[in-house]
Amino acid sequence: MEVLMSFFSNIDWYEIWLATGDTLLMLSGSLLFTVLLGLPLGVLLFLCSPRQLLEAKGVYALLSLVVNILRSLPFIILLIVMIPFTVLITGTSLGVAGAIPPLVVGATPFFARLVETALREVDRGIIEATQAMGATTRQIIINALLPEARPGIFAAITVTAITLVSYTAMAGVVGAGGLGDLAIRFGYQRFQTDVMVVTVVLLLMLVQVLQTVGDKLVVHFSRK
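Quick caveat, the model's predicted, so the values are computed rather than measured.

(A) A look at the side chain of Ser64. Residue position: Ser64 is located in helix H3 (residues 57-72). Given the relative accessible area of 9%, Ser64 is considered buried. Leaving out residues up to four positions away in the same chain, Ser64 has contacts with Leu45 and Arg113.

Take a look at the structure:
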């Protein structure tokens, strides 16, 4: 017991608590905006792709190019490149507020592609049957496409949330706060192994919770 206590001698549990709260704030805020922006972008990518309702090769090529560029850019580079833009819209590049814009920009293209893939898995016969009943494009999207793709969309949200957990950890490099910042400042720079172990375990637990909840939602909507 004494050995265990001595190993965790550098741990400030209040700091761990605050860092965990910052990580959860970054995750929830960035995930919310990612879904709000990425869902319509994914739907638009699907609709404008070849042989779909609003086929537009030029628009699809342009959107795909932008999405692919943002997806291929390493997140740590995106964090640094976006500092002027982040300061412009939030007034700071530090803390939770300074982390959310690059998190959203980094995750939205990724989520949009997953949404596009989920929509492609919808049986085309359902779309054609809805069209035959005289439904408009808007009605097809709301009443056929999105309901049928719900399991895939919730799976996409789960994968994106887990990706954002790793992004929030990397955001600690530029002083965004959270568990990643704590791991870098104390675990890495000050060689405090106990801090590193605790932050890694907490991040793993968070990922496990997100995956479990996501799996339950996918199963729930797959039965409907």
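(B) Local environment of unusual backbone geometry. Its identity as a non-glycine residue notwithstanding, Arg51 has a phi of 65°, on the positive side. Turning to its location among the elements, Arg51 is positioned in the loop between helix H2 (13-48) and H3. On the basis of relative accessible area, Arg51 is assigned to the exposed category, the value being 63%.

(C) View of the environment of Gly178. Secondary-structure assignment places Gly178 in helix H10 (residues 178-188). The exposure class assigned to Gly178 is buried, which follows from its relative accessible area of 4%. C-alpha of Gly178 to C-alpha of Thr168: the two residues are 10 residues apart in sequence and 7.3 Å apart in space. Not counting chain neighbours up to four residues away, the residues in contact with Gly178 comprise Ala19, Asp22, Thr23 and Met26.

(D) Focus on the UniProt feature "transmembrane region" (unreviewed entry) in the protein chain. Cross-referencing UniProt, the feature "transmembrane region" (unreviewed entry) maps to residues 24-47, 59-83, 89-112, 153-175 and 195-214 in the present numbering. Between the end C-alpha atoms of residues 59-83 there is a gap of 29 Å, over a span that is 88% helix and 0% strand. Between the C-alpha atoms that bound residues 89-112 the distance is 23 Å, and the span itself is 83% helix and 0% strand.

Quick notes on the rules
- Residues numbered from 1 in each chain as written.
- Predicted model: local features only at pLDDT ≥ 70, side-chain atom pairs only at ≥ 80, totals over all residues.
- Heavy atoms only, no water.
- Helix = DSSP H or I, 4+ residues; strand = E, 2+ residues; numbered from the N terminus.
- Buried < 20%, exposed > 50% of the residue type's maximum accessible area, 1.4 Å probe, protein only.
- Contact = heavy atoms within 4.5 Å.
- UniProt positions renumbered as here; feature names shortened; annotations may be inferred.

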